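Residue-level listing of the chains:
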Amino acid sequence: MQRQTWSNTFAYILTVAGATIGFGATWRFPYLVGENGGGAYLLVFCVAMLCIGIPVILVENVIGRRGATNSIESFGQKWQGVGYLGLLGSFGILAYYMVLGGFVLVYIYGLIFGDFDLSKPISKEYTSAFYTQNIVYNPFGIGIFTTLFVMMNYIILRKGIIDGIEKSVRFLMPLLFLCLLVVVARNLTLPGAMEGVRFYLEPDFSKITPKLFIDVLGQVFFALSLGFGVMITLSSHLKKTENMIHTAIYTGLLNTIIAILAGFMIFPALFSAGLSPAAGPSLVFETLPVAFSHIQFGTFIAALFFVLLLTAALTTSLPIYQVIICVLEEKFHMTKKLAIHITLLGIFILGNLPCILTYGPWRDIQLVGSRNIFDSFDFVSGNILFVITAFLCCIYVGWVMKTDAIAELSNEGQITTKWLWIWYYYVKFIVPIIIGIIFYFGVL
């Protein structure tokens with residue numbers, strides 16, 4: 001059967017943007033900025049996006065379109081272990097990602113039905129109490145909302161990559177962008193908002209440490225869906241005439257713009273309310289709602305914000321699921337229906353449930369260092385698996401594909417520019433060294 005291709009370039013870019021603009025840009029990026037001193041992290045992130053992110057997007061694009069198959073068989077026979085490593089990363093991120101989607105639905109439900117009232121100024125104690133009662137000690141409730149989020153994905157995935165994912169993203173991405181702009185515009189007009197903008201934009205170079213670099217590198221790969229097969233899978237449906245250089249640049253720029261806008265959405269509101277930006281992963285769940293409560297129509301703005309989070313999460317989870325589904329369909333010759341059922345049910349049992357139980361009877365279990373199950377999935381997938389897989393993809397393109405990579409990227413010679421060879425030698429020699437050094441000093 002002939003492989004489906006994207007309807008047009010815009011549809012592909014929207015889908016890739018949806019895959020990359022998820023919790024990485026709207027949840028993970030802001031709290032890492034807050035933890036790492038604001039402007040210093042933002043500066044290093046933008047440089048890393050340009051110097052590492054976009055070149056590695058092209059690496060995975062080349063592998064995917066050249067193979068025109070799933071993220072495992074796109075590699076040569078001896079290198080398929082890289083594909084399996086990426087598949088493991090997909091499992092790792094979905095294990096906790098879907099539970100985060102459940103968190104967001106808990107907050108949307110609370111805002112709609114009045115259990116979480118932001119119509120008047122509230123304290124951090126109020127939001128902490130809500131978080132503790134409804135998240136930290138509520139595995140049953142989280143389980144229900146996580147299941148609901150999984151089912152939302154299931155309904156779309158049943159329709160396939162074009163009729164399901166592409167068509168849903170055409171609606172969801174404009175909705176996400178509209179919600180983002182409304183909240184940013186409102187928060188920038190708050191009293192004291194400029195203090196948050198200064199924190200966000202003015203770099204404190206004393207904050208630049210080896211930990212910051214590994215946080216940035218992991219965030220670039222997380223934000224761009226690199227290192228776990230998403231880009232390989234999506235680009236395997238690209239037409240051979242598509243200019244992948246342009247699409248990679250658009251993807252990197254769009255993701256960076258959205259991530260930066262997310263900061264303008266969050267930090268002005270925090271500083272306006274006199275709140276600390278260094279709240280960590282609970283920033284958007286415990287700290288930010290306090291800021292929203294000090295805003296006129298705060299409940300509506302908060303609801304809009306959490307709808308934005310949910311939309312971003314959905315546009316990202318769909319392509320990640322598709323990575324695994326595609327492997328089961330094409331490599332193991334399963335029907336689409338069976339592949340979807342095995343993927344969603346398998347991840348729910350082996351990944352989602354353990355993460356849900358982290359907020360119940362398994363809260364004291366520690367897997368990686370002092371991290372609980374939920375945080376261990378985040379750390380291993382985001383800071384280790386993605387980085388190693390992206391490193392190996394660069395090695396594969398530079399040392400195995402060799403001139404085939406240039407041929408693919410140039411559309412068999414139709415695109416002529418000196419930047420093709422500059423990119424090739426850069427990802428062959430320089431990028432693996434940069435990734436290796438940062439990984440060594442930041443993780444090992």
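Residues numbered from 1 in each chain as written. Predicted model: local features only at pLDDT ≥ 70, side-chain atom pairs only at ≥ 80, totals over all residues. Heavy atoms only, no water.

1. Re the state of the cysteines
Consideration 1: Throughout the structure, instances matching the rule amount to zero disulfides.
Consideration 2: Lacking any disulfide linkage, Cys 46 is separated from the closest cysteine sulfur, that of Cys 51, by 11 Å.
Consideration 3: Residue class for Cys 46 comes out partly exposed when judged on its relative accessible area of 29%.
Consideration 4: With no disulfide partner, Cys 393 has as its closest neighbouring cysteine sulfur the one in Cys 394, 7.1 Å distant. (Disulfide = S-S within 2.5 Å. Buried < 20%, exposed > 50% of the residue type's maximum accessible area, 1.4 Å probe, protein only.)

2. Brief notes about the packing of aromatic side chains
Consideration 1: Taken as a whole and assessed by the stated rule, the structure comprises 32 aromatic pairs.
Consideration 2: Relative to Phe 374, the ring of Phe 103 lies with its centre 6.0 Å away and its plane at 5 degrees, an arrangement referred to as stacked. Highlighted residues: Phe 103 in helix 4 (residues 80–112) and Phe 374 in helix 15 (residues 373–401), separated in sequence by 271 residues.
Consideration 3: Look at Phe 103 and you get buried, because its relative accessible area is 2%.
Consideration 4: Plain terms: the ring middles of Tyr 107 and Phe 285 are 5.3 Å apart, the flat faces sit at 45 degrees to each other, and that makes the pair tilted. (Phe/Tyr/Trp six-rings, centres within 6.5 Å; stacked < 30°, edge-to-face > 60°. Helix = DSSP H or I, 4+ residues; strand = E, 2+ residues; numbered from the N terminus.)

3. As for the nonpolar core
Consideration 1: Membership of the largest hydrophobic core comes to 165 residues, with the highest contact counts inside it found for Phe 103, Phe 221, Phe 285 and Trp 423.
Consideration 2: Counting residues per element, this core draws most heavily on helix 13 (residues 298–330), at 19 residues.
Consideration 3: If sequence neighbours within four positions are ignored, Phe 285 has contacts with Trp 27, Leu 100, Phe 103, Val 104, Tyr 107, Tyr 131 and Phe 306. (Core = buried A, V, L, I, M, F, W, Y, C linked by side-chain atoms within 4.5 Å. Contact = heavy atoms within 4.5 Å.)

4. Overview of the confidence of the model for the protein chain
Where the model shows low pLDDT, its predicted coordinates should not be examined in detail.
Consideration 1: When pLDDT is averaged along the protein chain, the result is 89; 98% of the residues meet or exceed 70.
Consideration 2: Of all helices and strands in the protein chain, the one with the weakest mean pLDDT is helix 1 (residues 9–20) (79), whereas helix 14 (residues 336–357) scores best (97). (pLDDT = per-residue confidence, 0-100.)

5. Some details on the side chain of Ser 74
Consideration 1: Following the sequence through the fold, Ser 74 ends up in the loop between helix 3 (39–67) and helix 4.
Consideration 2: Polar side-chain contacts of Ser 74 include one of 3.4 Å to the backbone oxygen of Thr 69.
Consideration 3: For Ser 74, the residues in contact, after removing those within four places along its chain, are Ile 63, Gly 64, Gly 67, Thr 69, Ile 232 and Tyr 396. (Polar contact = N/O pair within 3.5 Å; in protein donor to acceptor, adjacent residues only side chain to side chain.)

6. What about the pattern of salt bridges?
Consideration 1: Inspection of the entire model under this criterion finds eight salt bridges.
Consideration 2: The partner of Glu 408 in a salt bridge is Arg 65, with the nearest N and O atoms 2.6 Å apart. Here the residue Glu 408 occupies a position in helix 16 (residues 403–409), and Arg 65 occupies one in helix 3, the gap between them amounting to 343 residues.
Consideration 3: What makes Glu 408 buried here is its relative accessible area of 2%.
Consideration 4: Arg 65 sits in the buried class, given a relative accessible area of 1%.
Consideration 5: Where Lys 336 meets Glu 329, a salt bridge forms, and the shortest distance between an N and an O atom there is 3.5 Å. (Salt bridge = Lys/Arg side-chain N within 4 Å of Asp/Glu carboxyl O.)

7. Structural notes on the side chain of Asn 372
Consideration 1: Residue position: Asn 372 is located in the loop between helix 14 and helix 15.
Consideration 2: According to the relative accessible area criterion, Asn 372 is buried, its value standing at 18%.
Consideration 3: Those residues within four positions of Asn 372 in sequence are excluded, and the remaining contacts are Thr 358, Arg 363, Ile 365 and Gln 366.

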